[in-house]
Amino acid sequence: MDFLNWVWRDTCEGGEKAAPHEAGLPEFMGRVLAGRGCRTQEEITAFLDCQYSLHDPFLLPDMAEAAERIHRAVEGEERILVFGDYDCDGVTATVMVYDYLENCGADVLYYIPEREEEGYGLSRNALDRIKEAGVSLVVTVDNGISALEEAVYAGQLGIDLIVTDHHQPKEELPRAAAVVNPHRKDSSYPCRDLCGAGVAFKLLCALEDGESDMLLEQYGDLLAVATLADVVPLTGENRLLARKGLHVLARTDRPGLLALAEAAGIALEAENAECVAFGIAPRINVAGRLGSVDSAVELLLCQEESRARELAQELCSLNTRRRELEEEILREIGEMVSASPQLVRQRVMILSGNGWHFGVIGIIASRMVDRFHKPCVILSRNGEEVRGSARSVEGFSMIEAVAVCGELLTKYGGHPMAAGMSLERSREEEFTRALEAYAAEQYPTMPLPVLKLDAPVKLREVTLENIRQLERMAPFGCENPQPVLVLEGVTLENVTPIGGGKHLRLSLSQEGQQGQAVLFGTTPESFPFQKGEQVDCAVMLSVNVYNEIARPSIRIVGMRPAGKDLEDHLRQRSAYEAFLRDEPLPCNCQPAFGREELSVVYRYLRSNSPCDLGSDGLWHCLRGKADMFQVLAAVDILKELALLEETRDHGVSRLRVLPADRKMDLMDSPTYRKIMNLKLVR
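Residues numbered from 1 in each chain as written. Predicted model: local features only at pLDDT ≥ 70, side-chain atom pairs only at ≥ 80, totals over all residues. Heavy atoms only, no water.

Draft legend 1. Representation of the sheet that holds strand β5 (residues 160–164) in the model. A sheet is described by the order of its strands in space; here five strands give the open sequence β3-β2-β4-β5-β6, paired in parallel fashion. Of all the strands in the sheet, just β3 (107–111) and β6 (178–180) have a single pairing partner and so form its edges. Averaged over all pairs of adjacent strands, the angle between strand axes in this sheet comes to 20°, irrespective of strand direction. Bridge count between strand β4 (residues 137–141) and β5: five bridges; the pairing is parallel. In the sheet register, Leu-137 faces β5, and the bridge partner there is Asp-160. Of the strands in this sheet, β2 (79–83), β3 and β4 touch helix α7 (residues 124–132), which is tilted by about 155° from β2. (Pairing = 2+ DSSP bridges. Helix = DSSP H or I, 4+ residues; strand = E, 2+ residues; numbered from the N terminus. Axes fitted to C-alpha atoms, helices over the stretch in contact; angles between N-to-C directions. Contact = heavy atoms within 4.5 Å.)

Draft legend 2. Inspection of the pairing of strand β8 (residues 376–382) at higher detail. Among the seven residues in β8, six count as buried, and that is most of the element. Pairing analysis gives six bridges linking strand β7 (residues 349–354) to β8, with the strands arranged parallel. Paired with Asn-354 across the strands is Arg-381, a residue of β8. Taken together, β7, helix α16 (residues 361–372) and β8 constitute a β-α-β crossover, and its handedness is right-handed. Examined bridge by bridge, β8 and strand β9 (residues 385–391) share seven bridges and lie antiparallel to one another. Bridge pairing links Asn-382 to Glu-385 in β9. Turn length for the β8-β9 hairpin, with the two strands adjacent in sequence and antiparallel, is two residues, and the turn residue Gly-383 shows positive phi of about 65°. (Buried < 20%, exposed > 50% of the residue type's maximum accessible area, 1.4 Å probe, protein only. Right-handed = clockwise from strand over helix to strand, strands pointing away.)

Draft legend 3. A look at the packing of aromatic side chains. Taken as a whole and judged by the stated rule, the model has ten aromatic pairs. The interplanar angle of 15° and the centroid separation of 5.4 Å between the aromatic rings of Phe-83 and Tyr-111 together place this pair among those described as stacked. Separated by 28 residues along the polypeptide, Phe-83 in strand β2 and Tyr-111 in strand β3 bring together distant segments of the chain. Each member of the pair, Phe-83 as well as Tyr-111, is classed as buried. Their ring planes at 85° and their centres at 5.5 Å tell us that Tyr-98 and Tyr-110 sit as a pair that is edge-to-face. Of this pair, Tyr-98 sits in helix α5 (residues 88–103) while Tyr-110 is found in strand β3, placing the two residues twelve residues apart along the sequence. Taken together, the ring pairs in this structure connect Phe-3, Phe-527, Phe-529 and Trp-619 into an aromatic cluster. Of note, Arg-31 hangs over the ring of Trp-8, and the distance from its end group to the ring centre comes to 4.3 Å. Over the face of the ring belonging to Phe-579 we find Lys-674, whose NZ or CZ atom lies 4.7 Å from the ring centre. (Phe/Tyr/Trp six-rings, centres within 6.5 Å; stacked < 30°, edge-to-face > 60°. Lys NZ or Arg CZ within 6 Å of the ring centre and 35° of its normal.)

Draft legend 4. Highlighting the nonpolar core. Of all hydrophobic cores here, the largest spans 80 residues; its most connected members are Leu-101, Ile-280 and Ile-284. Apart from residues lying up to four places away in sequence, Leu-101 is in contact with Ile-70, Val-74, Ile-80, Val-82, Ala-106 and Val-108. By size, the runner-up hydrophobic cluster in this structure holds 72 residues, among which are Phe-47, Phe-476, Phe-593 and Ala-633. (Core = buried A, V, L, I, M, F, W, Y, C linked by side-chain atoms within 4.5 Å.)

Draft legend 5. Looking closely at a nonpolar patch on the surface. Taken together, the side chains of Met-667, Met-676 and Val-681 present a nonpolar region at the surface, about 220 Å² in accessible area. Mapped onto the fold, Met-667 is located in the loop between β20 (652–657) and α24 (670–677). (Patch = residues over 30% accessible without salt bridge, like charges linked within 9 Å, V, L, I, M, F, W, Y side chains within 5 Å. Areas by Shrake-Rupley, 256 points an atom, 1.4 Å probe, with all protein chains shown as cover. Salt bridge = Lys/Arg side-chain N within 4 Å of Asp/Glu carboxyl O.)

Draft legend 6. Molecular detail of the environment of Glu-646. Mapping Glu-646 onto the fold places it in strand β19 (residues 644–649). Accessibility expressed as a relative area gives 27% for Glu-646, which makes it partly exposed. With 421 residues separating them in the primary sequence, Glu-646 and Val-225 have C-alpha atoms 43 Å apart. Ignoring sequence-local partners within four residues, the contact set of Glu-646 consists of Lys-639, Ser-653, Arg-654 and Leu-655. Reaching out from Glu-646, the side chain makes a polar contact with the side chain of Lys-639 at a distance of 2.6 Å. A distance of 2.6 Å separates polar atoms of two side chains, one belonging to Glu-646 and the other to Ser-653. (Polar contact = N/O pair within 3.5 Å; in protein donor to acceptor, adjacent residues only side chain to side chain.)

Draft legend 7. Inspection of helix α22 (residues 614–621) at higher detail. The element α22 is extensively covered by neighbouring structure, given that six of its eight residues are classed as buried. For α22, the set of buried residues is Asp-616, Gly-617, Leu-618, Trp-619, His-620 and Cys-621. Residues of α22 that are buried make contact with β18 (549–561), α20 (567–580), α21 (595–607), α23 (628–640) and β20. Following α22 by one or two positions, Arg-623 has its phi on the positive side, about 55°.

Draft legend 8. Geometry of the sheet that holds strand β10 (residues 411–415). Taking strand neighbours across the sheet as the criterion, the five strands line up as β7-β8-β9-β11-β10 in an open arrangement whose pairing is mixed. Of all the strands in the sheet, the pair left with one neighbour each is β7 and β10. Direction aside, neighbouring strands of the sheet carry axes that sit 15° apart on average. Taken strand by strand, α16 contacts β7, β8 and β9, and its axis lies near 40° from that of β9. Taken strand by strand, helix α18 (residues 428–442) contacts β7, β8, β9 and β11 (418–424), and its axis lies near 175° from that of β8.

Written out as structure tokens, the structure is:
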């Protein structure tokens, strides 16, 4: 179990407590809503009841020109092509625009490049094929804003181009008949964070002279999937589109979505954003990652139930294969980290391998960030080409870091939390050094891993009525995450393994009230707390229905010793990493180490071998006899003296004490000698 720095959301975002009683809400919701910027009665009501309006599509720059050119193409029986992207957002946007134009009687085709063979966006080769097909108008969806040279080439071929995109534009816009993008500098559109399908939907609204109700009924299901998949902020218009879209999705008659939900075991009628984002969207995405993206487009356009079921099973099989590929790469990374622990001690983890599938390295990067709580870059070599995908943590801008190394790359792009890049293999080491140098210069102290909390809650407040009030805040996602509440000072009454020992059910008590909570992904062996111990639990609440009986459900997403501020503990970990990198130690951390701490750690491990607690759990179980710097140093010294071995299984560290067949000299340990040289010995 890893410990994080707990921070109250309304404090870190400058909010103040609201007056929730005025809205008849449970007391804890006032602080939750304050963290979402709702502090008055009017703001609370507007947010909970989603009292927003869809904006006029013609507020988007060039929208009138785009609508006029498409109308002219339809009336003139020109051949139109919808050019999409291979992710879920791009696929759904392609389906929406293609289906609408086909229903209008247009001569319309669609084209989505294959990720492996063609890469992202417009290309000269694709435009050549499009010209050969007799196309005179190309409408891009979810791409095109950076296709400056390709737009010029399209004009040379006699192809008109309409760009609809939501990615950040460069200083120069593509030369096109229209460039519709809410992020344009001259844009006055109120919701700048539409996804690609959202911009495409506004195009359809413009083609209907601003009418949206009928289109939302027709395409709201696809729009909800795209909005939730693309992790855009669920505020304002996006929140309205997602909520109304989920309602449409709950009663969709689209055979492809119904078949996909059935194959994935998802109940669409629950209107659950998490099920869509982590159940439906990945199965659409996987077609572009591992198979042919046309399978996903065909599924969403399909009208035959039997064919829809075949395609849905195909995507589910690909999704299973994706997971297998992920596990293969994760196993390889586990071996790399065991052999070279320094890989995880850098400010930015940079991991590279031969032939890692380009379609899954972004997912792997996210898994590494979740596991190690630091920015990560995954590089995959294929011949002389290296492609990379990066994910970051709050407070470290990945796109700025990558941009500084831009001259070493053949292509790159992204945003603060994620980036992609390509480079020549001969420049891989230089890129790695440059990225590490940038991080060291700009972030001498890396951001601490944070768990944002919304409000304290009592066990007695965990009722069906209160949870259903909380669910009025849905759909949850980017900038409107599911609230994380804190049960403070609860007593751990019992610990029961469930799910074959992979998860735990915890019995809790507080002020005479009893309750049960589930902690996923933690075994009894890796759980550091004891029965009778006082703990704080960060939890998410939901309603669980089983055999038609509804009950409150408590899911634990973080734990710590009751009332314990863990910031100093985490700074000790950062100080040890700096020590290993031969860097000056932070001025706010004064580590020291002695034989006493080494003995304390060794005696505990000898009595509890093998130990699956991880370093945070081990620190907690030592009950203040050693700080985090001392725990990490002791473990490394014991390993160097061959008194301890560490193995990793699926990211879980296991420490096993080895027989001591000779008297040990601490000076045989490089770590201990380094501590001595720096005069850190207690």
